[in-house]
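Examination of the molecular architecture
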Amino acid sequence: MARLAVVVLVAAMVAGCGSARRGVPVLGPMRLTGPAAAGEVAFMAHCHQCHPAGEAGIGPALNNKWLPGWVIRAQVRLGLGAMPWFSREEVSPERLDLIVAYLQAMRRRG
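Residues numbered from 1 in each chain as written. Predicted model: local features only at pLDDT ≥ 70, side-chain atom pairs only at ≥ 80, totals over all residues. Heavy atoms only, no water.

As for the overall build of the protein chain
- Counting secondary structure elements, the protein chain contains 4 helices and 0 strands.
- Listed by position from the N terminus, the elements making up the protein chain come as α-α-α-α.
- In the protein chain, which comprises 110 residues, the proportion classed as buried is 36%.
- Split by element, the accessible area of the protein chain, about 6600 Å² in all, is 66% carbon and sulfur. (Helix = DSSP H or I, 4+ residues; strand = E, 2+ residues; numbered from the N terminus. Buried < 20%, exposed > 50% of the residue type's maximum accessible area, 1.4 Å probe, protein only. Areas by Shrake-Rupley, 256 points an atom, 1.4 Å probe, with all protein chains shown as cover.)

Brief notes about the pattern of salt bridges
- Applying the stated rule across the entire model yields 1 salt bridge.
- Here aspartate 97 and arginine 73 are joined by a salt bridge, their closest N and O atoms 3.0 Å apart. With aspartate 97 in helix 4 (residues 93–109) and arginine 73 in helix 3 (residues 69–78), this residue pair connects regions lying 24 residues apart in the sequence.
- Exposure remark for aspartate 97: the relative accessible area of 38% places this residue in the partly exposed category. (Salt bridge = Lys/Arg side-chain N within 4 Å of Asp/Glu carboxyl O.)

Focus on the nonpolar core
- Residues Phe43, Ile72, Val91, Ile99 and Leu103 are the most contacted members of the largest nonpolar core, which totals 15 residues.
- Broken down by secondary-structure element, the contributors of at least two residues to this core are helix 2 (34–46), helix 3 and helix 4.
- If you tally residues by element for this core, the top one is helix 4, at 6 residues.
- Dropping the residues within four chain positions of it, isoleucine 72 is found in contact with Leu67, Val100, Leu103 and Arg107. (Core = buried A, V, L, I, M, F, W, Y, C linked by side-chain atoms within 4.5 Å. Contact = heavy atoms within 4.5 Å.)

Looking at the packing of aromatic side chains
- A full pass over the atoms with the stated rule returns 1 aromatic pair.
- Look at phenylalanine 43 and tyrosine 102: their rings are 5.2 Å apart centre to centre, the planes differ by 50 degrees, and that puts the pair in the tilted class. Of this pair, phenylalanine 43 sits in helix 2 while tyrosine 102 is found in helix 4, placing the two residues 59 residues apart along the sequence. Residues phenylalanine 43 and tyrosine 102 agree in their burial class; the two are buried. (Phe/Tyr/Trp six-rings, centres within 6.5 Å; stacked < 30°, edge-to-face > 60°.)

Describing unusual backbone geometry
- Residues other than glycine seldom take positive phi values, yet alanine 53 does so here, at roughly 55 degrees.
- Inspection of the secondary structure assignment puts alanine 53 in the loop between helix 2 and helix 3.
- Judged by relative accessible area, which is 38%, alanine 53 ranks as partly exposed.

Examining the confidence of the model for the protein chain
- Residue-level pLDDT values for the protein chain average 81, and 71% of them are 70 or greater.
- Here residues 14–22 is a poorly scored stretch, pLDDT under 50, and it has 16 contacts once near neighbours within four places are set aside; other chains count. (pLDDT = per-residue confidence, 0-100.)

This is the structure:
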């Protein structure tokens, strides 16, 4: 468990490097389909208030982070720093998978 916490901490520190994307994506609006589209709905329900449209707000920008899905899942489940942790009852594993798909679609877009 301690090893996982160290890995998540290092990944979060590395992910903090870089600038937040602002405004409209360079390539125009995203057209989402499938899991990414459903993930946008889940993201708006659980994440948008601190990471508005994936950009920096109360929390850091997410739309410019090149983290693998397992790191995102660990961050959501364990929390880190000011970010609270979310239980399986709050964000089901299936819903978390959709959020990860949405974040990965945003990263591919930028």
